[in-house]
Amino acid sequence: MIRFPHCKINLGLHILEKLPDGYHRIETLFYPVPLTDILEIIPSTSGQTTLAVTGIELPGKAEDNICFKAWQLLHQDFNIPTVDIYLHKLIPTGAGLGGGSSDASMTLLMLDELFSLSLTEMQLHTYALRLGMDCPFFLQNQPAIGSNKGEVLTPHSLDLKGKYLVLVKPDIHVSTADAYSGVKPLQHPYNIANLIARPLNDWKSILVNDFEPSVFIKYPMIGEVKDQLYSAGALYASMSGSGSAVFAIFNEVPKIDEMFGNCFVWKAVME
């Protein structure tokens, strides 16, 4: 069984308060992006669950990988058989694109199908939440407002079809924990849904990612990438999540081929 876990961008990200459990209450709009990893799961040939990763290198042991942990959750509760997991990484890591969370959620969906578990939507959501706060979003493939810790999802009608999307990731890894440690919660006068409802041309001045000020101070190159995308004619540009990837929305194909030589660059017309 082969599937293609997609990544996401954050359109606006408000960090509203730090909660007693150490997490933060946030508000954002998750938007799916068709840059994908490649994930294959087959019954084990060795009697043990294995994980092989190609493409972008991932640190750590197989047992520490979030896909392996997804298998462990279902194995503990349903005694599902061992499997061989093959993950080809194309989504950059440490980028704020949610690639690992997407891989984990897709693993849950694939194991559910492969072993006919017939898990309910609520069960899948619960397992995904045990793996990461943004994992539940990746169980679906539609824009959604994420609130509370990001796990409370409200479907949204935003459609960027026909717009040209560019992702640029400098050779910088931003730790999510490190990014949160540098941010100060703020109360915003308008919620994300209200801001998204405004014309796209207005977003530049009203739709913000609260991680940007502190991350840009520590990693000026990320802020420079955003400035360059605006200079290339972007309607809207922002860091995604806690970074380090920056995305930009254009009306037409931008001329950026010579601008980001040392960065990961992905571009496509949204469908």
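See the structure shown above.
1. Some thoughts on the overall build of the protein
Counting its secondary structure elements, the protein contains 8 helices and 12 strands. Here the C-alpha radius of gyration of the protein, 19 Å, is about what a compact globule of 271 residues would show, namely 18 Å. When its C-alpha atoms are laid out on the principal axes, the protein stretches across 55 × 40 × 35 Å. Taken across its 271 residues, the protein has 50% of its residues classed as buried. Taking contacts inside the protein between residues at least 6 apart in sequence as the whole, the part at least 24 apart equals 75%. In the form shown here, the protein has an accessible surface area of approximately 12800 Å², with 52% of it arising from carbon and sulfur atoms.

2. Concerning the nonpolar core
The biggest cluster of nonpolar side chains holds 55 residues, and the ones touching the most others in it are L11, L160, L167, W203, L229 and Y236. In contact with L167, not counting residues within four places along its chain, are C7, I9, V33, L35, L97, V246, F247, F264, V265 and W266. With 24 residues, the next largest nonpolar core counts W71, I85, A104 and L111 among its residues.

3. Comments concerning the environment of R25
Looking at the element boundaries, R25 is found in strand 3 (residues 24-36). On the basis of relative accessibility, which here comes to 27%, the residue R25 falls in the partly exposed class. Counting along the chain gives 11 residues from R25 to H14, while the straight-line C-alpha distance between them is 8.5 Å. Setting aside its immediate chain neighbours within four residues, R25 contacts H14, I15, L16, E17, L19, N148 and Q187. For R25, the side chain forms a polar contact with the side chain of E17, separated by 2.8 Å.

4. What about the side chain of K8?
Mapping K8 onto the fold places it in strand 2 (residues 6-18). It turns out K8 is buried and unbridged, and the closest side chain with the opposite charge, D134, is 4.9 Å from it. In terms of polar contacts, K8 uses its side chain to reach the backbone carbonyl oxygen of G96, at 2.9 Å.

5. A few points about the packing of helix 1 (residues 66-78) against helix 2 (residues 99-114)
Where helix 1 contacts helix 2, the axes come no closer than 8 Å and their chain directions differ by 35°. Considering how the two elements wind past one another, helix 1 and helix 2 form a crossing that is right-handed. Every residue of helix 2 that contacts helix 1 at I66, C67, A70, W71 and L74 is listed here: G100, D103, A104, T107, L108 and L111. Among the residues making up the contact of helix 1 with helix 2, the classes are represented as 8 nonpolar, 2 polar and 1 charged.

6. Focus: the side chain of S244
Along the chain, S244 falls in the loop between strand 10 (236-239) and strand 11 (246-250). Using a relative accessible area of 0% as the deciding quantity, one classes S244 as buried. Not counting the four nearest positions on each side in its chain, S244 is found in contact with G94, A95, G96, V168, K169, P170, I172, V174 and I222.

7. Focus on the sheet that holds strand 3
As summarised here, the arrangement of the 4 strands in space is 2-3-7-8, forming an open sheet in which the pairing is antiparallel. Edge positions in the sheet fall to strand 2 and strand 8 (152-155), since each has one partner strand and no second. Across this sheet, the average inter-strand angle for adjacent strands is 20°, counted without regard to direction. Bridge count between strand 7 (residues 144-148) and strand 8: 4 bridges; the pairing is antiparallel. When the bridges of strand 8 are listed, G146 appears paired with L153.

8. A look at helix 3 (residues 121-131)
Listed in full, the buried residues belonging to helix 3 are L124, Y127, A128 and L131. Taken end-on, helix 3 shows its buried residues confined to a sector of 100°, consistent with a single buried face. Across from the buried face of helix 3, at angles greater than 90 degrees, the exposed residues are M122 and R130. On its buried face, helix 3 sits against helix 1 and helix 2.

Calculation criteria
- Residues numbered from 1 in each chain as written.
- Predicted model: local features only at pLDDT ≥ 70, side-chain atom pairs only at ≥ 80, totals over all residues.
- Heavy atoms only, no water.
- Helix = DSSP H or I, 4+ residues; strand = E, 2+ residues; numbered from the N terminus.
- Rg over C-alpha atoms; globule rule 2.2 N^0.38 Å.
- Buried < 20%, exposed > 50% of the residue type's maximum accessible area, 1.4 Å probe, protein only.
- Contact = heavy atoms within 4.5 Å.
- Areas by Shrake-Rupley, 256 points an atom, 1.4 Å probe, with all protein chains shown as cover.
- Core = buried A, V, L, I, M, F, W, Y, C linked by side-chain atoms within 4.5 Å.
- Polar contact = N/O pair within 3.5 Å; in protein donor to acceptor, adjacent residues only side chain to side chain.
- Lys, Arg positive; Asp, Glu negative; His and termini not counted.
- Salt bridge = Lys/Arg side-chain N within 4 Å of Asp/Glu carboxyl O.
- Axes fitted to C-alpha atoms, helices over the stretch in contact; angles between N-to-C directions.
- Left-handed = near helix turned anticlockwise from the far one by under 90°.
- Nonpolar A, V, L, I, M, F, W, Y, C, P; charged D, E, K, R; others polar.
- Pairing = 2+ DSSP bridges.
- Arc of directions from axis to C-beta.

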